[in-house]
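Chain by chain, the residues run as shown.
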Amino acid sequence: MEEGRNSDEKKTALCGRSLTAASQDGGGRMSAVPLAQGKVEGGKVYSGDGVLGYLEMLEAQAHELGLKQEEKEQQEKKLNRLKAKVQELRTRRDELRAKVELQEKRLLDKEGVVTDPARPSAQTVLEWKVKSIKAMLQVFYLTGISGKLTKQGICFCISTAYEGTYLDSYYVDLLIKPEVKIQRHSVPIFIPLEQIAKKYLQTDIRRFLSVLSDHLNAYVGRRHQADQLEEHFSDRIEGTLQRNSLCNLLVFNYTVSSDSKTFPFNVRLLYRDLCCSLPTEAIISCTPGTLSLLAKVAAAHSNTFRQMALHKAFDSIINAKESQD
Amino acid sequence: MDSSVYQVYEDEIQLLKEEIKLLSEKYEDIKQESTFFSDEEVRMSAKLFQREFLRECKGHTPPLDLKAELESLERDLSFLEKFTGIQITSHSKKTLEKTVNRTVRKHRLSGNCQSLPFCLEFQLLEVQNKEKVSAAISDLSIIVESGLCSELSKFVSSTEERGSLLMFFRSFSSYAEWCKHRRCTFLHFKAKYPNIVILPEGQEGDHIILRNSQLPGFELMIVWKMHINEEGTTTPVLDLLPKVPEQVGEQKKAAIDNAPTCFRSMLLLFGIETAIENLIQAFSLEK
């Protein structure tokens, strides 16, 4: 019974303590209603039992203070670690900067080869040569045909580009014994790879790759032009640009204005030569009845589409129109 | 203390780490680009490395076999040079700009394509976005032998304008192959008919002259030019230019005037070699 009462009082005393603690942190304000039984003295509420309760309260306070202290110390430690790390990295960064600046200065002074004063190790020399040859192999990538010898043959890489922008590259893995055969490839199915292989692979591998490269570059070029048109002129095109996977048939609509009236034009571009990235036919159709008025314009536009790259042709058509209006 | 205080330091740490990475890559790049070891030094180092490597192999797992890697790369390079006919005699590059996503390098390249020399300079911009690296050429400058046809210089300037490095290589390769074919053909006929065929400009010239000792003053000139259009397609264009002395009769003159047309039809029907062969035979039998 005694204990029970004590524990009850402890509980209330504890509640009182926590409340007190809260109110102390909050600026020493006291709750209006005393929740703990017992005396209130100096802002501290303790049970009627007096000393024991007081001691318990103190213990709890000390414990909390200890926790807070620990937390503060941890935070400070972390902060100090971070500061130290920043300092270390700053120093390393400054050292590197100085090294690079020295390198650049020496290059300007001597204009050419900079030899390491210490005699380079065999490993350093070989590493340099390996990097140097890898760089040359990268240049071959820029020429359009590169590759790597494999155990059973050669794996060729055909790179494609539209003017100065390099686009996708395609792989053809060849076996050379007992006869030349394509083991694996990443050429899309709408490129007539089998036809080209049948014609050239056995007799002239170089010609095979050259013809394949023509097809791939033309396809990628047509696709790039269509992408550029969509990217830069989507607001001038009515609806969307329609295309097939080989990108040799493109259809889209745009408007032509004349005498403050607008006429819808439909363009159908056919690229019959699969190795060419310019259309062989540019068929322009308008709403029936208006063709006679706009025949000249349509013919001019058709010519432009056949002679220039799609996005450049469209750009010139738009700008010509604007200068007329 | 709230986390924003840490965030400031952590952000700076991240930035510094990136900067350090870039600076070390730049240092390595400059070191690579400004060092040079001769083939002899490389050979000696390979031998030394081989010895050290064998010693280390006896113990535990072998370290990266640099010599084997070097040999494999050299085989690949040598194969590509033979296969494509493109030989690179010198290559230097300089890193102009390097950030986390972008690298700009200036390349200087010289070599020959089927023994036709070329010299290039360009800037290569590489941008890393997600997993792909995209590359673009700018400031392309090309030098080829100026003695070659004027169409070649037109092709070269239009290629420079557009930065079409890839197309340059493909087209120049095919142009060079045609030139090689022309050279071989001329030499073949010179060897087969040494008394009739003359190469006034040597094997690199663009024409040959046929002379028959029994027909003084009478000459046939076969001109073989290479046309290269702006798209880079090479087309051989052959023509026949007869030279007749003044005292030739009317009949003969008519036949001779007809010759160029006949020659062109023969070219279309039989191809270059057969057409020239037929022409030389007809000419050598002429009295």
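Values in this document were obtained by computation on a predicted structure and should not be read as measured data.

### Looking at the packing of helix 5 (residues 205-233) of chain A against helix 5 (residues 165-192) of chain B
Orientation of helix 5 of chain A relative to helix 5 of chain B, taken along the N-to-C sense of each, is 145°, at an axis distance of 13 Å. Helix 5 of chain B is crossed by helix 5 of chain A, and the crossing has left-handed handedness. Between helix 5 of chain A and helix 5 of chain B, the residues in contact are Arg206, Ser210, Ser213, Asp214 and Asn217 of chain A and Leu166, Arg170 and Glu177 of chain B, respectively. Here the contact of helix 5 of chain A with helix 5 of chain B is built from residues that sort into one nonpolar, three polar and four charged.

### Quick notes on the packing of helix 3 (residues 122-143) of chain A against helix 3 (residues 66-84) of chain B
For the pair helix 3 of chain A and helix 3 of chain B, interaxial distance at closest approach is 10 Å and the crossing angle is 30°. Here helix 3 of chain A is positioned roughly parallel relative to helix 3 of chain B, judged by the angle of their axes. Along this stretch, helix 3 of chain A crosses helix 3 of chain B, giving a crossing that reads as left-handed. Between helix 3 of chain A and helix 3 of chain B, the contacting residues are Gln123, Leu126, Glu127, Lys129, Val130, Ile133, Lys134, Met136, Leu137 and Phe140 of chain A on the first element and Leu66, Lys67, Glu69, Leu70, Leu73, Glu74, Asp76, Leu77, Leu80, Glu81 and Thr84 of chain B on the second. Each residue belonging to the contact of helix 3 of chain A with helix 3 of chain B can be placed in one class, and the counts come to 11 nonpolar, two polar and eight charged.

### Quick notes on the interface of chain B and chain A
Counting from both sides, the interface comprises 67 residues of chain B and, opposite them, 65 residues of chain A. Taken together, the two surfaces of chain B and chain A that pack against each other cover about 6,500 Å², and 71% of this comes from carbon and sulfur. Per-residue buried area on chain B facing chain A is highest for Phe37, Phe83 and Leu166 of chain B; these three make up 11% of the total on that side. For the pair chain B and chain A, the number of links is 10 salt bridges. One salt bridge connects Asp168 of chain A with Lys132 of chain B, and the closest N-O pair in it is separated by 3.7 Å. In this assembly, chain B and chain A are joined by 16 residue pairs in polar contact (both at pLDDT 80 or more). Secondary structure elements with two or more residues in the side of chain B that touches chain A: helix 1 (3-34), helix 2 (39-57), helix 3, strand 1 (86-98), strand 3 (116-129), strand 4 (132-144) and helix 5 of chain B. Per-element tally for the side of chain B that touches chain A: the top contributor is helix 1 of chain B, with 19 residues.

### With respect to unusual backbone geometry
That bond from Lys177 of chain A to Pro178 of chain A is cis: its omega, -5°, falls within 30 degrees of zero. Inspection of the secondary structure puts Pro178 of chain A in the loop between strand 5 (165-175) and strand 6 (181-185). Although it is not a glycine, Gln114 of chain B adopts a positive phi angle of roughly 50°. Structurally, Gln114 of chain B can be placed in the loop between strand 2 (102-113) and strand 3. Residue class for Gln114 of chain B comes out buried when judged on its relative accessible area of 12%. Of note in this structure, Asp139 of chain B is not a glycine but carries a positive phi near 55°.

### A short note on a nonpolar patch on the surface
Residue and element names in this part refer to chain A. Together, Val51, Tyr54, Leu55 and Leu58 make up an exposed nonpolar region whose accessible area comes to about 350 Å². With respect to the helices and strands, the residue Val51 is situated in helix 2 (residues 51-110). For Val51, a relative accessible area of 61% corresponds to the exposed category.

### What about the environment of Glu59 of chain A?
Note on placement: Glu59 of chain A falls in helix 2. Residues Glu59 of chain A and Pro192 of chain A lie 133 residues apart in sequence; the distance between their C-alpha atoms is 87 Å.

### Description of the pattern of salt bridges
In this structure the tally under the stated criterion is 33 salt bridges over all chains. Between Arg93 of chain A and Glu19 of chain B there is a salt bridge, with its nearest N and O atoms 2.8 Å apart. With Arg93 of chain A in helix 2 and Glu19 of chain B in helix 1, the pair connects residues from two separate chains. Residue classification places Arg93 of chain A among the buried positions, given a relative accessible area of 12%. We classify Glu19 of chain B as partly exposed; its relative accessible area is 25%. Two residues, Asp39 of chain B and Lys129 of chain A, come together in a salt bridge whose shortest N-O distance is 3.5 Å. One end of the pair, Asp39 of chain B, is in helix 2; the other, Lys129 of chain A, is in helix 3, on a second chain. Taken together, the shared-partner salt bridges connect Lys21, Glu25, Asp29, Lys98, Arg105 and Glu126 of chain B into one network.

### Digging into the sheet that holds strand 9 (residues 261-270) of chain A
Residue and element names in this part refer to chain A. Strand order across the open sheet formed by four strands is 7-8-9-10, with antiparallel pairing between neighbours. One side of each edge strand has no neighbouring strand; the edge strands of this open sheet are strand 7 (237-243) and strand 10 (281-286). Going across the sheet, the axis of each strand differs from the next one's by a mean of 25°, ignoring polarity. Where helix 5 meets the sheet, it contacts strand 7 and strand 8 (249-258), and its direction lies at approximately 160° from that of strand 7.

### Description of the UniProt feature "coiled-coil region" (unreviewed entry) in chain A
The residues that UniProt annotates with the feature "coiled-coil region" (unreviewed entry) are residues 55-106 of chain A. As annotated, residues 55-106 of chain A has a helix share of 100% and a strand share of 0%, and its two end C-alpha atoms lie 75 Å apart.

### Focus: the sheet that holds strand 6 (residues 207-211) of chain B
All names here are of chain B. In spatial order, the strands read 5-6-7-8; together these four strands make up an open sheet with antiparallel pairing. Whereas interior strands pair on both sides, the edge strands pair on one side only; in this sheet they are strand 5 (197-198) and strand 8 (234-243). Sheet topology places strand 6 next to strand 7 (residues 219-228); five bridges connect them, and they run antiparallel. From the neighbouring strand, Ile209 faces strand 7, where its bridge partner is Met221. Those strands touched by helix 5 are strand 5, strand 6, strand 7 and strand 8, and its axis lies near 165° from that of strand 7. Helix 6 (residues 250-270) rests against strand 7 and strand 8 of the sheet, and its axis sits at about 155° to strand 8.

### What about the side chain of Ser164 of chain B?
Along the chain, Ser164 of chain B falls in the loop between helix 4 (150-162) and helix 5. Accessibility expressed as a relative area gives 4% for Ser164 of chain B, which makes it buried. Aside from chain neighbours lying at most four places away, what touches Ser164 of chain B is Glu163 and Gly164 of chain A together with Leu140 and Thr159 of chain B.

### What to know about the domain arrangement of chain A
Residues and elements named next belong to chain A. Domain annotation for chain A reports domain 1 (136-220) and domain 2 (222-320). Here domain 1 and domain 2 have C-alpha centroids that lie 32 Å from each other. On the side of domain 2, 14 residues touch domain 1, which itself brings 12 residues to the contact. Of the roughly 1,200 Å² buried at the junction of domain 1 and domain 2 (both faces included), carbon and sulfur atoms supply 57%. When the buried surface of domain 1 facing domain 2 is broken down by residue, Tyr162, Ala218 and Tyr219 rank first, second and third, together holding 49% of it. On the surface where domain 1 and domain 2 come into contact, there are two salt bridges. When the shortest N-O distance is used, the salt bridge between Arg223 and Asp168 registers 2.8 Å. Along the contact surface separating domain 1 from domain 2 lie seven residue pairs in polar contact (both at pLDDT 80 or more). Of all elements in the fold, only strand 5 and helix 5 reach the threshold of two or more residues within the side of domain 1 that touches domain 2.

The rules we used
- Residues numbered from 1 in each chain as written.
- Chains lettered and ligands numbered in written order.
- Predicted model: local features only at pLDDT ≥ 70, side-chain atom pairs only at ≥ 80, totals over all residues.
- Heavy atoms only, no water.
- Axes fitted to C-alpha atoms, helices over the stretch in contact; angles between N-to-C directions.
- Helix = DSSP H or I, 4+ residues; strand = E, 2+ residues; numbered from the N terminus.
- Left-handed = near helix turned anticlockwise from the far one by under 90°.
- Contact = heavy atoms within 4.5 Å.
- Nonpolar A, V, L, I, M, F, W, Y, C, P; charged D, E, K, R; others polar.
- Parallel < 35°, antiparallel > 145°, perpendicular 65-115°, else oblique.
- Buried area = accessible area lost by both parts, 1.4 Å probe.
- Salt bridge = Lys/Arg side-chain N within 4 Å of Asp/Glu carboxyl O.
- Polar contact = N/O pair within 3.5 Å; in protein donor to acceptor, adjacent residues only side chain to side chain.
- Buried < 20%, exposed > 50% of the residue type's maximum accessible area, 1.4 Å probe, protein only.
- Patch = residues over 30% accessible without salt bridge, like charges linked within 9 Å, V, L, I, M, F, W, Y side chains within 5 Å.
- Areas by Shrake-Rupley, 256 points an atom, 1.4 Å probe, with all protein chains shown as cover.
- Pairing = 2+ DSSP bridges.
- UniProt positions renumbered as here; feature names shortened; annotations may be inferred.
- Domains from an automatic or database assignment.

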